[in-house]
Amino acid sequence: MSEIIIKNGFVFDPLQGIRGDKVDIAIKDGKIVETTALTNPKTIDAAGMTVMAGGVDIHSHVVGPKVNTGRLFRPEEKLFQNIKKTGSRMEMGTSIPSVYKTGYDYARMGYSYVNEAAMPPLHSPHVHEEIRDTPIIDISAMPVFGNNWFSLEYLKNNEIENNAAYTAWLLRATRGFGIKIVNPGGSEAWGWGLNCANIHEPVPYFDVTPAQIITGSIETNEYLGLPHSIHIHPNNLGNPGNYVDTLETLKLAEGYTAKNAFGRTQVMHLTHLQFHAYGGEGFNFESKVPEIMDYVNSHDNITVDIGQVTLDETTTMTADGPFEHHLRAVNNLKWANVDVELETAAGVVPFVYSANNKANAVQWAIGLEIGLLAKDPMRTYITTDHPNAGPFTRYPRVIKWLMSQAAREAQMDAFKHRDKVIDVTNIAGIDRELTLYEIAQMTRAGTAKALGIADMYGGLAPGMDADVAIYNLNAESMPSDAEEIEKAFSRCAYMLKDGIVAVKDGEIVAEPAKRTIWVDVKVPENAQVNRDIYEHFLKHYSLKLENYSLFEEHLHNPRVIEVNAAE
Amino acid sequence: MVDKLTLNMITQRSIEEGIAMEKGKTTQEYFEACSIIEMNEEDIRTLGLLPNQLVRVTSECGSVIVKAIKGRQTVYPGLAHIPQGVWSNQIVPPRTQATGEPQYSGFPVTVESARGEKRKSALECVQGAVGLWNGE
Amino acid sequence: MKTVTLTLNKQPELYLECNDITPDAFAGKTPAEIAAIEIWEGKQKIPLGDFFTVEGSAGATPAETKIVVAGDCTRVKRIGQQMTDGEIVIESDVDMYIGGWMKGGTIHVKGNADSFCGIGMEGGELIIDGDAGHHVGAAPRGEWRGMKGGVIRIGGNVGNDTATFINGGTIVIGGDADIHISTHGEGGTVIVKGNAKGRVGGQMVKGEIYVFGTIENPLPGFKKIETVERDVEGVQAQFDHFIGDLGERHPKSKGQPVYAHLYVKA
Amino acid sequence: MPKKIENVGCPYCGVCCDDLVVTVSDDGRKVLEVENACAIGNEIFQHASSEGRISLPRLRQPDGTYKDISYDEAVDYAARVLIKAKKPLIFGFGSTNCEGMAAAAKVAEKAGAVLDNCASICHGSSFLAIFDNGYPSCTLGETKNRADVIVYWGSNPAHAHPRHMSRYSIFPRGFFTGKGHKGRKIIVIDPRYTDTARVADIYVQVKQGQDYDLFNAFRTVIRGEDIPDEVAGVKKEQILQVAEILKKARFGTIFYGMGLCHSDGRNHNVDIAISMTRDLNDFTKWTIMAMRGHYNIAGPGVVWAWTTGYPYCIDMSKKDRAYMNPGETSSVDLAMRDEVDAFFNVGTDAGAHFPIEAVKHLKKHPWITIDPNICMASEISDLHIPVGIVGVEVPGIVYRMDNVPIQYRQVLNPPDGVISDEELFERIHQRISEIEAEEGITQTSAAAAGTQTSFVGE
């Protein structure tokens, strides 16, 4: 079969501690192997280039009903679309690209794995249809749990075993990856047009607090020993003063340690921290990143991702139904909402982040502060909460800002309210410039470890998937112009997926098969949970239990991660 | 009593149409379900008709013979309804007002007695319109 | 200013899409280069010269370029799309999207125009001597930032959805308007010299509408507050002044709610 | 032994009942009994095993009669029509599964066609309104579990969605709605006193074509402003009474139908309904839902949105990109303007459901019908290609009116030799590639195609 050797490149592989050394990467039959295993390889000469594992995105919204609603209801952003077709299918969309553009663009940036951050369980067949059609990249999807009636009932009574049994059942029913929690309790409250303003406000009727939901979910996750930790979008997103709620949420993880067989060390991943690190009130909000990052830096059972605002016109979409309703009242733009029976709620609203808007500029600074104040880049990850704070196609720009103080200053100088922004943030006083090694930590090694998949993705050790990104960046003489950094990360020189060259010189040249990753957990038989499932489907769901679980024929090219929690 | 009456026409689904359509558009059930016009009793009287007599309905783009009945789902005077399907579409204006959707509801028609004429079958309506009809 | 004359010398089987018939695309080009500009008929890309004879010459810049289009252009779309400057004269009727997204310059259609003319307009002047179809000066699908500026003058009647989501600029209708004027409007001015059928100013936040004739079905969300004397399009007259749409949200400016204003000739 | 198949989805309307029990004969050829279905759903299953199903493509002969041909010949004919046409139109998908829709999109992209679905003449107005104003909605289970006020506006489920009221809205007892019908207020707004209106607590007779004005009145009084004594034929007192009920609901859903989409103003009637729903969310919880007609007519909107970003009226004639603007790229407009030169009628009956004027225009060019049944379209086609009936003979994913995906099962074997829509479109796609290769036809994006090397499929 096919053999490739990548020679002369500067290799950055934090999982093996390789820091820019010139190491040959050998590939055989889709896997990384020892160079001695090759007989007659084709050579890719990576001289003067940077070699990393394929990127691993821990949090992005790329497939599923709310993403698709965003695509559908924004024809205006495709009006003068003019992208030459180079893959097998046309590429449409900007802030919310079509599945084809999504796959191609991630591949062009050197990414090979994306974790879809919110799958409404009822809609899992839809999610899997879109996964099937998304080319090249491997995808996992996390079902949402934090407002699910089963979990609310179990966690109210602290029935961890029952919640675990239900979780295992739902992961299998939806072919899901892990426990996603969005605005715990708040999205259920939104069923009545309400919200949970903080982690102590009980959910209407269910009478359980968000704090109970969160700790109960951590216990459930560690009881099951899932590859990934709970993945939480905490309460009170986007509101000035919310850093208090964020700190309280983070503190709920105290005392818990990770129990799993996948090398994961955190018990909580808190996502798009940028939206949750606001002090002040009303229009006068300010950065509270130092307070938050001090806490994160000193607690190694927590990981976070940034959710960087990229100053673009984009489309917000979250399973935080009440937040999207709130946002609509802010900008008066079109608003889609879908409350999903017994499970969740989601909203979609277009949003224009502008360098001329003080609040947006403050958000920009807050995001970068998170990256720049992170002491452990293995626990702090680059995301834009695509497409919420900006499209994923801006990762290269985010990397540029993190790697270059000059680039940050240039952006700050372009702000209409530059001085006011500097007053309420800390960005101007930070001169740190992240290294390529740190970028590799924040975009593949760290994320793969946090997802519990670092034996397959995010590194270049023999035995791992041969997903490799080669960037046109000379690590020994980095370009003085930071724009070159953005350019190099935007369109990689090569991207290999399972040992097949999918991208060359920034263009799609092949569309290798992609996979669906899911987690199958064995748990002891649980009669009560089985009965509860039966009852809810009999009385409250609008479709039959037998038609709810994903049919095997609708799961495409699966890669299952097996977990045994039955012992 | 008048010879001709101008009414506001709407065309919508009916369950009879739904069942008959699944059975087949060439069936007698479909014919009976769809080649009718539902009018207010008062309008039927104004035209000097008894229920179940045939009328010719003419719109800006064509005309069709259907049976006038007083529907179970009553329309107010001045409003008329032909179930969606082959007969209604002989007269539905194709103008979409730049929305893509023809004017299926809310277009003016004149209704007059069609004593002595007969209703066309579905096939005659459609094949006839495109020059493919060659008799029964 | 230099003039290029295009004469349509054969009719397409379908329609021609000619978004590059603009002073912007023609400026600085020779007739041969203009004839080589690509237009579309369905999925086929064709040189402009296959359908049009090209005479005269283009100016060095769009501002110095005038284009005269002769022949029956009923089946030609998108002339003048996104143009920024210069002048286009169309001698006949013309199909859709004339002056769509135009930013500057002038377009004069001597016949009728089909739907979507002046859609998404930002500046310049679009004059249609005859009637125009639907969506005159409206926003494209899904776009909340509608017409921003410029002037559209329609000599005759227009269809429905004039000025949907209008934000700025002026539209003058010489004849009658079908339903929906300035729906969702947040600015701009629409003047109807004839009658309006109904749904005038629905969901409108701000902006102005003048109707010289009657409104067949006025909306309940508009409330008459006064009768005023106004000079509109050179006509001095009494107008009943309505505010609305009272069913829609209304932002405040200096503590006072901002409304859309509808003036109907008294 | 006859076989009982449970949890079968019904391939009729957008309600997508998935609780049917179908008993089929030993050989899997005949439906013996259908339980739980409405009269129409029942008819579909019965019809599937009736006599007269055709099992071979039929090609129109010069004398006007049909002649049976093989699937290979039919695929070749269809491929050549698509290649030859400057702008073919592929329309329909009222009774196709999502897999078939995805395959059709692939063909349309390759052929530079316009791809459109029945929404174009049905709920297309809803899409236009959603583009402009969003869509605050929910799944049907939410309505069942929470709603205490239900509005049917310009929709008549008693006729068009026979089990809608019993499964989701008026009658069922849900989690927070244990009293069922007793705990709910039903408001029906329609110019006709429909069979749905008969079960309403409040019937509002709106003057046909003036729904927009009535919505405007509701919005105005909801904001505390005054209105005239009568709007759209409805007295002010009734408007005020209904507005109070809407504001005081705990959870409400507006189900609207063709009464809004098919009358003057079309999309704006839906648009303002959405605005009203949004307004009501300042007081309490309200949601709105389109009463989508066919069981999977939400499907093409969903599938094509992830494929091209647009739900319908998708002009792919430029091949590198898609464009959509109903009024121009919509099927009936394309027909009336003579803007297309080949027509594919897929899983629908444009012959019966388009205004006859549009049919006449389309008939000037090749017309191919892809449908399991004999219908008006098949009887005026140049080529009729039969396919298996989705939901009966072909399984797959369908999207319910609330965009919830439902996995449909197969209960019967299709007639011998009859293939699915998906397979047919895959074969047409393949055949276009072959012909283009044989004849050296270059694509618009031919230069780019040269850079493609190996494609490894799933």
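Cut-offs used in this document
Residues numbered from 1 in each chain as written. Chains lettered and ligands numbered in written order. Predicted model: local features only at pLDDT ≥ 70, side-chain atom pairs only at ≥ 80, totals over all residues. Heavy atoms only, no water. Phe/Tyr/Trp six-rings, centres within 6.5 Å; stacked < 30°, edge-to-face > 60°. Buried < 20%, exposed > 50% of the residue type's maximum accessible area, 1.4 Å probe, protein only. Helix = DSSP H or I, 4+ residues; strand = E, 2+ residues; numbered from the N terminus. Lys NZ or Arg CZ within 6 Å of the ring centre and 35° of its normal. Contact = heavy atoms within 4.5 Å. Buried area = accessible area lost by both parts, 1.4 Å probe. Salt bridge = Lys/Arg side-chain N within 4 Å of Asp/Glu carboxyl O. Polar contact = N/O pair within 3.5 Å; in protein donor to acceptor, adjacent residues only side chain to side chain. UniProt positions renumbered as here; feature names shortened; annotations may be inferred. Core = buried A, V, L, I, M, F, W, Y, C linked by side-chain atoms within 4.5 Å. Pairing = 2+ DSSP bridges. Disulfide = S-S within 2.5 Å.

The name given to chain A in an unreviewed UniProt entry is Formylmethanofuran dehydrogenase subunit A, with Methanoculleus frigidifontis as the source organism.

Chemist: What exactly am I supposed to notice about the packing of aromatic side chains here?
Modeler: Two aromatic rings, taken as a pair, are described by how far apart their centres are and by the angle between their planes. All chains considered together, the criterion is met by 51 aromatic pairs over all chains. Seen in terms of ring centroids, Phe351 of chain A and Tyr353 of chain A are 4.8 Å apart; in terms of plane orientation they differ by 55°. Their pairing is tilted. Considered together, Phe351 of chain A and Tyr353 of chain A belong to a single accessibility category, that of buried residues. Ring geometry for Phe212 of chain C against Phe239 of chain C: centres 5.7 Å apart, planes inclined by 85°, an arrangement best described as edge-to-face. A residue pair is termed long-range when its members are at least 10 positions apart, and Phe212 of chain C in the loop between strand S15 (206-211) and strand S16 (215-217) and Phe239 of chain C in strand S18 (residues 235-244) qualify at 27 residues. Given the relative accessible area of 13%, Phe212 of chain C is considered buried. Positioned over the ring face of Phe73 of chain A is Lys334 of chain A, at 5.3 Å from the centre of the ring. The lysine or arginine in question, Arg444 of chain A, covers the ring of Tyr111 of chain A, its NZ or CZ lying 5.8 Å from the ring centre.

Chemist: What exactly am I supposed to notice about the interface of chain A and chain D here?
Modeler: Many descriptions give the size of an interface as the accessible area lost when the pieces come together. Taken together, the 72 residues of chain A in the interface contact 76 residues of chain D. Together chain A and chain D conceal approximately 6400 Å² of surface at their shared face, both sides included; 55% is due to carbon and sulfur atoms. Remark: the boundary between chain A and chain D carries five salt bridges. Between Asp339 of chain A and Lys285 of chain D there is a salt bridge whose closest N-O contact spans 2.4 Å. Joining chain A to chain D, the criterion identifies 39 residue pairs in polar contact (both at pLDDT 80 or more).

Chemist: Would you take a moment to explain the UniProt feature "domain: Amidohydrolase" (unreviewed entry) in chain A for this structure?
Modeler: UniProt's entry tags residues 42-499 of chain A with the feature "domain: Amidohydrolase" (unreviewed entry), counted in the numbering of this structure. Its end C-alpha atoms 11 Å apart, residues 42-499 of chain A is made of 36% helix and 18% strand.

Chemist: What is the right way to read the nonpolar core from this model?
Modeler: Generally speaking, a soluble globular protein has its nonpolar side chains buried in company with each other. One finds Ile37 of chain B, Leu6, Phe26 and Phe52 of chain C together with Trp153 of chain D to be the most contacted residues of the largest nonpolar core, which totals 435 residues. In terms of residues, this core owes the most to one element, helix H3 (residues 98-111) of chain D, which gives nine residues. Formed by 19 residues, the second largest nonpolar core is a distinct cluster that contains Ile44, Ala53, Leu460 and Ile470 of chain A.

Chemist: Got a minute to help me understand the side chain of Ser137 of chain D in this structure?
Modeler: By the secondary structure assignment, Ser137 of chain D is in strand S8 (residues 134-138). For Ser137 of chain D, a relative accessible area of 3% translates into the label buried. Setting aside residues no more than four positions away along its own chain, Ser137 of chain D makes contact with Asn337, Val338 and Asp339 of chain A together with Thr287, Ile288 and Met289 of chain D.

Chemist: How should the environment of Glu216 of chain C be read in this particular structure?
Modeler: Residue and element names in this part refer to chain C. Topologically, Glu216 is positioned in strand S16. Note on Glu216: relative accessible area 56%, which makes it exposed. Along the backbone, Glu216 and Ala196 are 20 residues apart, and their C-alpha atoms lie at a distance of 6.6 Å. Leaving out residues up to four positions away in the same chain, Glu216 has contacts with Ala196 and Lys197.

Chemist: I tried to follow the pairing of strand S8 (residues 55-60) of chain A on my own but got confused; where do I start?
Modeler: Residues and elements named next belong to chain A. Where burial is concerned, most of S8 is hidden: six out of the six residues are buried. Bridging between S8 and strand S9 (residues 111-119) involves four bridges; their strand directions are parallel. Of the residues in S9, the one forming a bridge with Ser60 is Glu116.

Chemist: Just checking my understanding: could you explain the state of the cysteines for this structure?
Modeler: The term disulfide refers to a covalent linkage connecting the sulfur atoms of a pair of cysteines. For the structure on display, the rule yields zero disulfides over all chains. Free of any disulfide, Cys196 of chain A has its nearest neighbouring cysteine sulfur in Cys138 of chain D, separated by 20 Å. You can call Cys196 of chain A buried: its relative accessible area is 1%.

Chemist: Can you help me understand unusual backbone geometry in this one?
Modeler: The bulk of non-glycine residues show a negative phi, and the bulk of peptide bonds are trans. Pro387 of chain A follows His386 of chain A through a cis peptide bond whose omega is -5°. Its place among the elements puts Pro387 of chain A in the loop between strand S20 (380-381) and helix H12 (395-403). With an omega dihedral of -25°, the bond running from Gly244 of chain C to Asp245 of chain C counts as a cis peptide bond. The backbone phi angle of Lys319 of chain D is positive, close to 60°, even though this residue is not glycine. For Lys319 of chain D, the location among the structural elements is in the loop between strand S16 (314-315) and strand S17 (323-324).

Chemist: Got a minute to help me understand the pattern of salt bridges in this structure?
Modeler: Charged atoms that come close allow side chains of opposite charge to pair. All names here are of chain A. Summed over all chains, the structure comprises 105 salt bridges over all chains. With its nearest N and O atoms 3.0 Å apart, the salt bridge here joins Arg108 to Glu507. Separated by 399 residues along the polypeptide, Arg108 in helix H2 (residues 99-108) and Glu507 in strand S24 (residues 507-508) bring together distant segments of the chain. Given a relative accessible area of 21%, Glu507 falls into the partly exposed group. Taking the shortest distance from any N to any O, the salt bridge between Glu129 and Arg132 comes out at 3.7 Å. Remark: Arg132 and Glu129 occur in helix H3 (residues 124-133); sequence separation between them is three residues, near one turn of the helix. Residue class for Glu129 comes out buried when judged on its relative accessible area of 1%. By relative accessible area, which is 18% here, Arg132 ends up buried.

Chemist: Honestly, the environment of Arg74 of chain A in this entry has me stumped. Any pointers?
Modeler: For Arg74 of chain A, the position within the fold is in the loop between helix H1 (65-72) and H2. Here the alpha-carbon distance between Arg74 of chain A and Leu237 of chain A, two residues 163 residues apart in the chain, equals 24 Å. Apart from the residues lying within four places of it in its own chain, the contact partners of Arg74 of chain A are Ser95, Ile96, Glu313, Thr314, Thr315, Lys334 and Pro350 of chain A together with Trp144 and Arg145 of chain C. A distance of 3.0 Å separates a polar side-chain atom of Arg74 of chain A from the backbone oxygen of Thr314 of chain A.

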